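# A structural walkthrough
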Amino acid sequence: MTAPKSFAGMLAIHRTDFPADFRWGCSTSSYQIEGAAHEDGRGESIWDRFCATPGKIRDGSNGDVACDHYHRWPEDMEMAKGLGVNAYRFSIAWPRIFPQGVGAQPNAQGLDFYSRLVDGMLERGLQPWATLYHWDLPQALQDQGGWVKRDTVDAYLAYTDAVTRHLGDRVKHWITHNEPFCSAFLGHHEGNHAPGIRDHAAALQVCHHLLLSHGRAFPLIKRNVADAKVGITLSLHPISPATQSAADVAAAVRHDGTRNRWFLDPLYGRGYPADVLQMLGKLAPTVQDGDLAAIATPADFLGVNYYFPETVADAPGQGVTQSRIVESHDVERTAFGWEVSPQGMTTLLDRVHRDYAPGDIYLTENGSTWDDQMLPDGTVNDAQRVSYLARHLGAAKQAMALGVPLKGYFYWSLLDNFEWAEGYIRRFGLAWVDYATQKRTLKASGHWYANFLKG
Ligand code: IFM
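The sections below set out a description of the structure shown in this document. (Residues numbered from 1 in each chain as written. Predicted model: local features only at pLDDT ≥ 70, side-chain atom pairs only at ≥ 80, totals over all residues. Heavy atoms only, no water.)

## Digging into the overall build of the protein chain
Across its full length, the protein chain carries 15 helices and 13 strands. A compact globule built from 455 residues would reach a C-alpha radius of gyration of about 23 Å, and the protein chain, at 21 Å, matches this within 12%. Its C-alpha atoms give the protein chain principal-axis dimensions of roughly 60 × 60 × 45 Å. Within the protein chain, the fraction of its 455 residues that count as buried is 59%. Of all intrachain contacts in the protein chain linking residues separated by at least 6 positions in sequence, the fraction that spans at least 24 positions is 77%. Carbon and sulfur atoms make up 51% of the accessible area of the protein chain, which amounts to about 16,800 Å² in all. (Helix = DSSP H or I, 4+ residues; strand = E, 2+ residues; numbered from the N terminus. Rg over C-alpha atoms; globule rule 2.2 N^0.38 Å. Buried < 20%, exposed > 50% of the residue type's maximum accessible area, 1.4 Å probe, protein only. Contact = heavy atoms within 4.5 Å. Areas by Shrake-Rupley, 256 points an atom, 1.4 Å probe, with all protein chains shown as cover.)

Structure, rendered in structure tokens:
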């Protein structure tokens, strides 16, 4: 694999700028790539149900087939190996393990799939990084109230117990949850993700149960898996005020409270932030004795997913934070409209390290979507993604120079895939997927990453 000559200027960042033991990977998630929705005993997930509800997914699609990774995983692992990454982050579909969410016995076929996949990674020199929950709750649990109900925490622990017992001899890196902000608030407040609920108080209770399940899973995984490293992945944003007016500065603090501190404070032993609790009033979640201590169990690492910064202005009367996101003009944006700011990533990592000292940090996701085109010669020249990737690696290096204990970088994503409510319209992959034929083609960015990793 060779990088196109036109990208030579972007090779100013080198693998040798990072420590030799730095983890290099790419990320995916079960529902977004696996397909095989009705095979080997897999149960229905909330995303199957959500996709089947008219009007929820922009292109009317679903994850029934997705990238057919369930059948094509050897080819995908070969591709990851070809990139030269030494780690691969994937997620486990709970409905493959317990089709009804809970049960006396896990589904052996589901466990076998992940067992083969993990073996396939290890054979190819890819360190497996497993995420236990990347949003695909069994629908049967949702029918009983889902994450709003505390019982779901116990169901999650039983599922985690089964999976970690089965794979723990080979998988040592475990991520309890991916982006609880999205599961809780996009799924239960904004309602544009599964299960499509619009109830702020419910979203806050869900969020508490997600964090609680993380804290309670930690000792369980440690018990089941010798030498396990366990962490959680948060989607975090650097936040700045639209102006230096006292009102905008205060609005940015309030917004940061709900977007970042609401997760980081309890995870790092400070409980829920008092200013946010005050804003929430009666919406605040029910927290039982011992919950905050469980959530604050020190983890082995923090996973950070970084995509974009947010600029915030005072907006009296708007939501509990009385703030609004301001669209800055004249900034570079991805096809999703997300501001491109490598500097924001450095600022964010530095802030998290200084304010919370979480120890080892891994960038578990970072990536971008553009209007990629497959050219007649069969190549995809995604120059913008190359530039994005190179500049964000530069930002990672800068963060390390500031003293941030950053230990690894996982690009989102290995493949184009099902981008939730956007369906297949958004492509984030290093490899183009032709959904009609399932043919994978490495984009220029994939070639660039491989070249970078070759040193
Ligand atoms: O595709 C998602 C992923 O599932 C979670 N983090 C953000 C990605 C891009 O939107």
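## Here we look at the pattern of salt bridges
Side chains carrying opposite charge are able to pair once their charged atoms draw close together. All told, the structure shown has 31 salt bridges when counted by the stated rule. The partner of Arg 440 in a salt bridge is Asp 76, with the nearest N and O atoms 2.8 Å apart. Placement of the pair is Arg 440 in strand E13 (residues 439–442) and Asp 76 in helix H3 (residues 69–83), with a sequence separation of 364 residues. Assessed through its relative accessible area of 9%, Arg 440 is described here as buried. (Salt bridge = Lys/Arg side-chain N within 4 Å of Asp/Glu carboxyl O.)

## Side note on the side chain of Asn 417
The residue Asn 417 is located in the loop between strand E11 (406–412) and strand E12 (431–434) in this model. There is a polar contact of 3.3 Å between the side chain of Asn 417 and the side chain of Gln 32. At 3.2 Å, the side chain of Asn 417 forms a polar contact with the side chain of Ser 413. The residues touching Asn 417, leaving out its near neighbours within four places in the chain, are Gln 32, Ile 33, Cys 67, Trp 412, Gly 423, Tyr 424, Arg 426 and Tyr 435. (Polar contact = N/O pair within 3.5 Å; in protein donor to acceptor, adjacent residues only side chain to side chain.)

## Digging into the sheet that holds E11
The strand order E1-E2-E3-E4-E5-E7-E10-E11 describes a closed barrel built from 8 strands, whose pairing is parallel. The average undirected angle you get between the axes of adjacent strands in this sheet is 25°. Pairing of strand E10 (residues 361–365) with E11, which is carried by 3 bridges, proceeds in the parallel orientation. In the sheet register, Ile 361 faces E11, and the bridge partner there is Leu 406. Contacting strand E5 (229–235) and strand E7 (301–305), helix H10 (residues 246–267) runs over the sheet at an angle of about 160° to E5. (Pairing = 2+ DSSP bridges. Axes fitted to C-alpha atoms, helices over the stretch in contact; angles between N-to-C directions.)

## Focus on unusual backbone geometry
Of note, the amide linkage connecting Ala 194 to Pro 195 takes the cis form, showing an omega dihedral of 10°. For Pro 195, the location among the structural elements is in the loop between helix H8 (180–190) and helix H9 (200–224). With a phi close to 65°, Asp 227 is a non-glycine residue in the positive phi region. With respect to the helices and strands, Asp 227 occurs in the loop between H9 and E5. Judged by relative accessible area, which is 65%, Asp 227 ranks as exposed. With a phi angle near 50°, Gln 322 is a residue other than glycine that sits in the positive phi range. In this fold, Gln 322 is placed in the loop between strand E8 (310–314) and strand E9 (323–325).

## A closer look at the site of the ligand
Around the ligand sit Gln 32, His 134, Trp 135, Asn 178, Glu 179, Tyr 307, Trp 338, Glu 365, Trp 412, Glu 419, Trp 420 and Phe 428, and that is every residue in its neighbourhood. Here His 134 contributes a side-chain N or O atom positioned 2.8 Å from an oxygen atom of the ligand. Relative to its unbound accessible area of 280 Å², the ligand is 95% covered by the protein chains. Here the residues of the shell around the ligand sort into 6 nonpolar, 3 polar and 3 charged. (Near = heavy atom within 4 Å. Nonpolar A, V, L, I, M, F, W, Y, C, P; charged D, E, K, R; others polar.)

## Overview of the pairing of E7
For E7, the tally of buried residues reaches 5 of 5 residues, placing the bulk of the element in the interior. The alternating pattern of E7 places Phe 301, Gly 303 and Asn 305 on one face and Leu 302 and Val 304 on the opposite face, and all of these are buried. The sheet contact formed by E5 and E7 spans 5 bridges and is parallel. Each bridged residue has a counterpart across the sheet, and for Ser 235 the counterpart in E7 is Asn 305. Judged from the 4 bridges that link them, E7 and E10 form a sheet pairing that is parallel.

## Digging into the sheet that holds E9
Reading across from one edge, E6-E8-E9 is the order of the 3 strands in this open sheet, with mixed pairing throughout. Among the strands making up the open sheet, the edge pair consists of strand E6 (239–241) and E9. Neighbour-to-neighbour, the strand axes of the sheet open up by a mean angle of 35°, direction not taken into account. By the bridge criterion, 3 bridges tie E6 to E8 in an arrangement that is parallel. Looking across to E8, one finds that Ser 240 is bridged to Thr 311.

## A word on the packing of aromatic side chains
The geometry of two aromatic rings is summed up by the distance between their centres and the angle between their planes. Overall, the coordinates contain 42 aromatic pairs when judged by the stated rule. Ring geometry for Trp 94 and Trp 147: centres 6.2 Å apart, planes at 70°, overall edge-to-face. Highlighted residues: Trp 94 in helix H4 (residues 94–97) and Trp 147 in the loop between helix H6 (139–142) and helix H7 (151–167), separated in sequence by 53 residues. When its relative accessible area of 0% is taken as the criterion, Trp 94 is described as buried. Aromatic rings pair up to connect Tyr 31, Trp 47, Phe 50, Trp 135, Phe 418, Trp 420, Tyr 424 and Tyr 435 into one cluster. The ring of Phe 181 is capped by Arg 259, whose NZ or CZ atom sits 4.1 Å from the centre of that ring. Sitting over the ring of Trp 432, Arg 427 keeps its end group 3.6 Å from the ring centre. (Phe/Tyr/Trp six-rings, centres within 6.5 Å; stacked < 30°, edge-to-face > 60°. Lys NZ or Arg CZ within 6 Å of the ring centre and 35° of its normal.)

## Some points on H9
With 25 residues, H9 should cover 36 Å at 1.5 Å per step; its first-to-last C-alpha distance of 36 Å lies within 8% of that length. Considering bend angle alone, the principal kink of H9 is centred on Ala 217 and spans about 30°; proline Pro 219 follows within four residues of it. The buried fraction of H9 amounts to 19 of the 25 residues, a majority that puts the element mostly inside the structure. Where H9 begins, the capping side chain belongs to Asp 199, and its oxygen is found 3.1 Å from the backbone nitrogen of Ala 201. (Expected span 1.5 Å × (residues − 1). Bend = angle between axes of the 7 residues up to and from the residue.)

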